[in-house]
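Structural characterization, general
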Amino acid sequence: MNKRHISKKQALKNRTKRLVLFIVILGVVIYGPIKFKHIKLNKSQAVASERFSSELESIQEFKEIKKSIDNLYGDEDKINSIKKSIANIQSKLNDNITEELKNEISDLYAKINEISAENERDLEAYSNKINSEDLKGFNDEEIGKVNEITNSYTDLFKEKNYIDAREKLKELESYVQDIKKEANTRRIKEVYDEASNEDPSTREPKVVKGILIVNKEYGLPDTYAPGESEEARQAFENMKVDASKEGIYLNAFSTYRNYWAQNRLYNNYVANYGQDPTDTFSARAGFSEHQTGLAFDIGGADRSLWAMEDFKYTDEAKWLKENAYKYGFILRYPEGKEWKTGYMHESWHFRYVGVEHSENFKDSDLTLEEYLGL
Ligand SMILES: [Zn+2]
């Protein structure tokens, strides 16, 4: 073999080796930093995006806080302090979002959620209270209106607009209260016409909780004629004595009236005023409380005010309103309860029910119908 030829071959081999080494070194020198830079870049990007997403979350929460606060209600100081915090955070948001600011937002977010939950519980309780109202006697149109307001309320609740939702419930409550009165007034008129057209000899006295109830729904037979109740008279006399010690003069100017006396009285009124107006202040025969012997029309020193609307302004009427319950008497037709009793307010008409019952009427405008659940 040619030595020179071998060495030439050897030289080529060595050169190739060097070239490969060079390339490898070059590769490491060039590629290494690229690779390393790449890893570094990815890492910092991840940190940045993490920071960015947590900032985004804070901003999102803050947006929700701002949106919610105008739809929530509650303690005014609490709400105002949250509004102040919102303004404060808003002013700081132009700078970097610091950890401190993020915490502030997150605290506020928790507070808002708590108030939201409170509002929801409160509204649900309120709505349940209204729903428990009896819609007896409401006509289709009135039921339709109730449903309409209820649906608006449900929408507002779903939208988390609690302030407006509460306003809707208030609207619903007042509508139901108004219609309840109208419906009961309609109902009383109907049952009154029906009951008073029945044969009076077949009627049975209605007693609830031991109390004889006489109103436009429950009448008495024409034969029911007990005379003035002795117990009620005694109670009245006791009341009269006590009142006089306070300079109050009381006179029971009309108590027991039998069926036929009431019949004459009522028909006289109808002849003078017409039936509908008469029905607001005088009972048809068989439907007067005076027939029970337990009703006392009480006046004061000024006779001209007996059974008159203006009697209510007298010291005697005020004394009676405050004290009659102590003697077993109740104000039978309170002001504002015409829809329940079927009669205009009579500041002079008292009904004896006994102290054990009358004590429940202290300082209230409760009607006997309400007391007996009728
Ligand atoms: Zn009377």
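Presented here is an overview of the structure given in this document. (Residues numbered from 1 in each chain as written. Predicted model: local features only at pLDDT ≥ 70, side-chain atom pairs only at ≥ 80, totals over all residues.)

Quick look at the overall build of the protein now. For the protein, the count of helices and strands is 12 helices and six strands. Counting every position in the protein, which comprises 374 residues, the buried fraction comes to 23%. Relative to all contacts within the protein whose residues are 6 or more apart in sequence, the contacts with residues 24 or more apart total 69%. (Helix = DSSP H or I, 4+ residues; strand = E, 2+ residues; numbered from the N terminus. Buried ≥ 20, exposed ≤ 12 C-beta atoms within 10 Å, placed from the backbone. Contact = placed C-beta atoms within 7 Å.)

Packing of helix H3 (residues 99-131) against helix H5 (residues 162-196) leaves a shortest axis separation of 10 Å and a crossing angle of 15°. In terms of orientation, H3 lies roughly parallel with respect to H5. Remark: the crossing between H3 and H5 carries left-handed chirality. Touching Asn-119, Leu-123, Tyr-126, Ser-127 and Ile-130 of H3 are Tyr-162, Ala-165, Arg-166, Leu-169, Leu-172, Glu-173 and Val-176, all from H5. (Axes fitted to C-alpha atoms, helices over the stretch in contact; angles between N-to-C directions. Parallel < 35°, antiparallel > 145°, perpendicular 65-115°, else oblique. Left-handed = near helix turned anticlockwise from the far one by under 90°.)

Within the largest apolar cluster, 34 residues are counted, with the highest numbers of intra-cluster contacts made by Phe-296, Ala-324, Phe-329, Ile-330 and Phe-350. Of all the secondary structure elements, the ones that give two or more residues to this core are helix H6 (230-245), strand S4 (295-299), helix H9 (315-323), strand S5 (329-333) and strand S6 (346-352). Counting residues per element, this core draws most heavily on H6, at five residues. Judged by nonpolar contacts, the second largest core, of nine residues, contains Phe-157, Leu-169, Leu-172 and Ile-179. (Core = buried A, V, L, I, M, F, W, Y, C linked by C-beta atoms within 7 Å.)

Turning next to H3. Since there are 3.6 residues in each turn of an α-helix, residues three or four apart along the chain are aligned in direction. Counted at 1.5 Å a residue, the expected span for H3 with its 33 residues is 48 Å, and the 48 Å between its end C-alpha atoms agrees. Restricting attention to buried positions, one finds in H3 the residues Ile-105, Leu-108, Ile-112, Asn-119 and Ser-127. (Expected span 1.5 Å × (residues − 1).)

Packed helices, taken two at a time, are described by the angle between their axes plus the distance between the axes. Close contact between helix H2 (residues 76-92) and H3 brings their axes to 11 Å; oriented N to C, the two are set at 150°. Taken together, the axis directions place H2 and H3 in an arrangement best described as roughly antiparallel. The element H2 and its partner H3 pack so that their crossing is left-handed. The residues of H3 that touch H2, namely those facing Ile-82, Ser-85, Ile-89 and Lys-92, are Leu-101, Glu-104, Ile-105, Leu-108 and Lys-111. For the contact of H2 with H3, the class distribution of residues is five nonpolar, one polar and three charged. (Nonpolar A, V, L, I, M, F, W, Y, C, P; charged D, E, K, R; others polar.)

Tracing the chain through its elements places Leu-101 in helix H3. Here the alpha-carbon distance between Leu-101 and Ile-89, two residues 12 residues apart in the chain, equals 7.1 Å. Excluding residues within four positions of it along the chain, Leu-101 makes contact with Ile-89 and Lys-92.

Time to look at unusual backbone geometry. Unusually for a residue other than glycine, Lys-160 sits at a positive phi of about 60°. Position of Lys-160 relative to the elements: it lies in the loop between helix H4 (140-158) and H5. In this structure Lys-160 comes out as partly exposed when scored by C-beta crowding, with 15 C-beta atoms within 10 Å. In this model, Asp-363 sits at a positive phi of 50°, which is unusual for a non-glycine residue.

Take helix H7 (residues 259-273) next. An ideal rise of 1.5 Å per residue puts 21 Å on 15 residues; H7 measures up with 21 Å between its terminal C-alpha atoms. Gly-274 sits one or two residues past H7 and shows a positive phi near 90°.

With respect to the helices, strands and loops of the structure, Tyr-333 is situated in strand S5. C-alpha separation for the pair Tyr-333 and Tyr-343, spaced 10 residues apart in sequence, amounts to 6.5 Å. Residues contacting Tyr-333, with those up to four places away along its chain left out, are Thr-341, Tyr-343, Met-344, His-345, Glu-346 and His-349.

Ordered by their spatial adjacency, four strands build an open sheet running S3-S4-S6-S5, and the pairing between neighbours is antiparallel. On the outer flanks of this sheet lie strand S3 (251-254) and S5, each paired with one strand and no other. On average, each strand axis in the sheet is inclined to that of its neighbour by 50°, with strand direction left out of account. Relative to S6, S5 is paired through four bridges, and the arrangement is antiparallel. By the bridge assignment for S6, Ile-330 is matched with Arg-351. (Pairing = 2+ DSSP bridges.)

What follows covers the environment of Gly-74. Here Gly-74 lies in the loop between helix H1 (3-69) and H2. Sequence-wise, Gly-74 and Glu-118 are 44 residues apart; in three dimensions their C-alpha atoms are separated by 8.6 Å. The contacts of Gly-74, once residues within four sequence positions are left out, are Ile-79, Ile-115 and Glu-118.

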